[in-house]
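# Coordinate inspection notes
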Amino acid sequence: MVDVQGTVADGFEPVRDAFADNFARRGERGAAVAVYRDGHRVVDLWAGTRDGDAEPGDGGAEPWSRGTAQVVRSATKGVAAAVLLLLHQRGQVDLDAPVGTYWPEFKAAGKERVLVRHLLAHRAGLPVLDRPLTPAEAVDGVSGPRAVAAQAPAWEPGTDHGYHAQTFSWLIGELVLRVTGRSVGTYVAEEIAGPLGLDLWFGVPEAEQHRVGRIAAISTPVDGGAPGLRVRPKKAVADAYADPSSLTRRAFGAIEPHTDENDAAYRAAELPGSAGVATADALARFYASLTGVVDGGRRLFAPATLTVARTEESAGQDRVLLVNTRFGLGYMLHGPACPLLGPGSFGHPGRGGSLAFADPESGIAFGYVTNGMQKNVTADPRAQALVRAVARSLAG
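About the thresholds
- Residues numbered from 1 in each chain as written.
- Predicted model: local features only at pLDDT ≥ 70, side-chain atom pairs only at ≥ 80, totals over all residues.
- Heavy atoms only, no water.
- Helix = DSSP H or I, 4+ residues; strand = E, 2+ residues; numbered from the N terminus.
- Contact = heavy atoms within 4.5 Å.
- Pairing = 2+ DSSP bridges.
- Expected span 1.5 Å × (residues − 1).
- Buried < 20%, exposed > 50% of the residue type's maximum accessible area, 1.4 Å probe, protein only.
- Polar contact = N/O pair within 3.5 Å; in protein donor to acceptor, adjacent residues only side chain to side chain.
- Phe/Tyr/Trp six-rings, centres within 6.5 Å; stacked < 30°, edge-to-face > 60°.
- Lys NZ or Arg CZ within 6 Å of the ring centre and 35° of its normal.
- 1 Å grid on protein atoms, 1.4 Å probe; cavity = no way out; pocket = protein on both sides within 12 Å on 5 of 7 lines; lining within 4 Å.
- Points joined across faces, edges and corners; volume = space filled by probe spheres on them.
- Nonpolar A, V, L, I, M, F, W, Y, C, P; charged D, E, K, R; others polar.
- Core = buried A, V, L, I, M, F, W, Y, C linked by side-chain atoms within 4.5 Å.
- Axes fitted to C-alpha atoms, helices over the stretch in contact; angles between N-to-C directions.
- Parallel < 35°, antiparallel > 145°, perpendicular 65-115°, else oblique.

Tracing the backbone through its elements, the reader meets Ile192 in helix H7 (residues 184-196). With 108 residues separating them along the chain, Ile192 and Leu300 place their C-alpha atoms 8.1 Å apart. When neighbours within four sequence positions are excluded, Ile192 is seen to be in contact with Val83, Leu86, Tyr187, Leu198, Phe286 and Leu300.

So, in structure tokens, the structure goes:
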């Protein structure tokens, strides 16, 4: 039995039970989960080992602590989206303006009519690069933006959607830089993470690198899925990941060879679409701040901005993921491909496990991070078990 640390408020005990069950049945190595309700923390749990290549119970393994942070991959796409929406809220960005208004070089190769909202809703037609970037190019702050600015769209922008798995980093990061003169990592540190007290970074400072645990690939137990959740992908999806010419494979392979996500240089890079680092509490607290006041502090989104963020912009067959997805402006919306708490929920998963979202109707904000990367993109069985437990807690 894993030793679960932390606290849960009365009524949220099902979350603690599901969290422990993830270690017993779903292959969890090390993880944390946090839940806020109406701006107050009601779940704060962690367990297992700090490093994903060590199993719980290993004698020499360092245990996960409350301050342990992890690379959460695309779970921080929602934070990056919040930067552009805050700039819109402050009158600095027009969501219906062409991206080229702020970034003239982006107009190349038939992209004159790509709008800011198209970037956020995965409708820009730019999920792939004709030439993948090397790991060094991906993090140099110049090659990525230059590549997406020169890239021709894979479909007519605005007419369809497909998940921009890697290119989202350079598209959003460069647009923020052009509008504000600040890198996206600096903007998040100064305008979001700092004021809210979040252990969350796009570019981990050297002084904080020691807090970041190692992630590792682990297998998904055959019998570890949540009821009603498909653990194994459809054959068409599996075939697409195996086909080097498919949009699916090329979108996730925009950086070749694959980067070492445990490398300090990668963690220090400002890649908001794939390399954000955070604690579970930071992700939950961030989403709580989008929908209301957190612990008597500040609220990030005005009601109108919240409405814009979770209004459906894209829906149906995703050209990259090959399943039906729903997106607002930068956020995945509740649906079969990404089950959240309810119809009004919005957030973002991270490939391999992590998940963060808010459900304004129930006042819930949720954050889950793990160092055991399983083969999934949008609906991890461990995360889904925790979401179901939150729902049971609310139902009483």
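Quick look at the sheet that holds strand S5 (residues 200-201) now. Read across the open sheet, the three strands follow the order S4-S7-S5; overall the sheet is antiparallel. The sheet terminates laterally at strand S4 (70-73) and S5, the two strands that pair on one side only. The pairing of S5 with strand S7 (residues 276-278) spans two bridges and is classified as antiparallel. Paired with Leu200 across the bridge in S7 is Ala278.

This part covers the pairing of strand S8 (residues 314-317). Note: S8 against strand S9 (residues 324-327), four bridges, orientation antiparallel. Residue pairing across strands places Ser314 opposite Phe327, the latter belonging to S9. The turn linking S8 back onto S9 is made up of six residues, and Leu322 within it adopts a positive phi angle of 65°.

What follows is about helix H13 (residues 381-395). Its 15 residues place the ends of H13 21 Å apart at the C-alpha level, agreeing with the 21 Å of an ideal helix rising 1.5 Å per residue. Three or more residues of H13 are buried, namely Pro381, Arg382, Ala383, Gln384, Ala385, Leu386, Val387, Ala389, Val390 and Ser393. Those residues of H13 that are buried lie in contact with helix H1 (13-25), strand S2 (30-37), strand S12 (355-359), strand S13 (364-370) and strand S14 (372-373). The N-cap residue of H13 is Asp380: its side-chain oxygen and the backbone nitrogen of Arg382 are 2.8 Å apart. Backbone geometry just downstream of H13 places Gly396 in the positive-phi region, at approximately 80°.

In this section: the packing of aromatic side chains. Summed over all chains, the structure comprises 10 aromatic pairs. Both rings, one in Trp103 and one in Phe106, keep their centres 5.1 Å apart while their planes meet at 40°; by these two values the pair is tilted. Ring geometry for Tyr287 against Tyr331: centres 6.2 Å apart, planes inclined by 75°, an arrangement best described as edge-to-face. A residue pair is termed long-range when its members are at least 10 positions apart, and Tyr287 in helix H11 (residues 280-291) and Tyr331 in the loop between S9 and strand S10 (332-333) qualify at 44 residues. Chaining the aromatic ring pairs together yields one cluster made of Tyr163, Tyr241, Phe252 and Phe327. Lys111 extends its terminal NZ or CZ atom over the ring of Phe106, reaching a point 5.0 Å from the ring centre. A cation sits over an aromatic face here: Arg351 above Phe252, 4.3 Å from the ring centre.

Turning to empty space enclosed by the protein, a few remarks are in order. A water-sized probe rolled over the atoms picks out the places where empty space is left. Applying the stated criterion to the full structure yields one cavity of 30 Å³ or more. Its volume calculated, the largest cavity comes out at about 40 Å³. Lining the largest cavity, in full, are Pro349, Gly350, Gly353, Ser354, Leu355, Asn376, Val377, Thr378, Ala379, Asp380, Ala383 and Gln384. Taken together, the residues of the lining of the largest cavity sort by class into five nonpolar, six polar and one charged.

This next bit is on the nonpolar core. One finds Phe286, Phe301 and Tyr331 to be the most contacted residues of the largest nonpolar core, which totals 80 residues. Looking at this core element by element, the count peaks at nine residues for helix H2 (residues 77-89). When residues no more than four places from it in sequence are discounted, the contact partners of Tyr331 are Gly78, Ala81, Ala82, Leu85, Phe286, Tyr287, Leu290, Phe301, Ala309, Arg326, Phe346 and Gly347. If you look at the next biggest cluster of nonpolar residues, it comprises 36 residues, including Phe19, Met332, Ala383 and Val387.

Time to look at the layout of surface pockets. Here the second largest pocket is characterised by a volume of approximately 200 Å³. Lining the second largest pocket are 14 residues; nearest its centre among them are Gly141, Pro145, Gly173, Val184 and Glu270. Looking at the lining of the second largest pocket, the element that brings in the most residues is helix H6 (residues 167-180), giving five residues. Grouping the amino acids of the lining of the second largest pocket by side-chain chemistry returns eight nonpolar, four polar and two charged.

Now for the packing of H2 against H7. Relative to each other, H2 and H7 sit at 75°, their axes nearing to 11 Å. Between H2 and H7, the crossing angle belongs to the class labelled roughly perpendicular. In this structure, H2 contributes Val79, Val83, Leu86 and Leu87 to the contact, and H7 contributes Val184, Tyr187, Val188 and Ile192. Residue classes in the contact of H2 with H7 are distributed as eight nonpolar, no polar and no charged.

As a further point, take H11. Spanning 12 residues, H11 covers 17 Å between terminal C-alpha atoms, matching the ideal 16 Å at 1.5 Å per step. The element H11 is extensively covered by neighbouring structure, given that 11 of its 12 residues are classed as buried. Along H11, the residues that are buried comprise Ala280, Asp281, Ala282, Leu283, Ala284, Arg285, Phe286, Tyr287, Ala288, Ser289 and Leu290.

All right, on to the pairing of S12 then. The buried count for S12 comes to five of five residues, which makes it a mostly enclosed element. Across the two faces of S12 the burial is the same, with Leu355, Phe357 and Asp359 and Ala356 and Ala358 all buried. Of the strand pairs in this sheet, strand S11 (residues 346-349) and S12 are connected by four bridges, and their pairing is antiparallel. Bridging from a neighbouring strand, Pro349 pairs with Leu355 of S12. What sits between the antiparallel neighbours S11 and S12 is a turn of five residues, in which Gly352 has the positive phi angle 100°.

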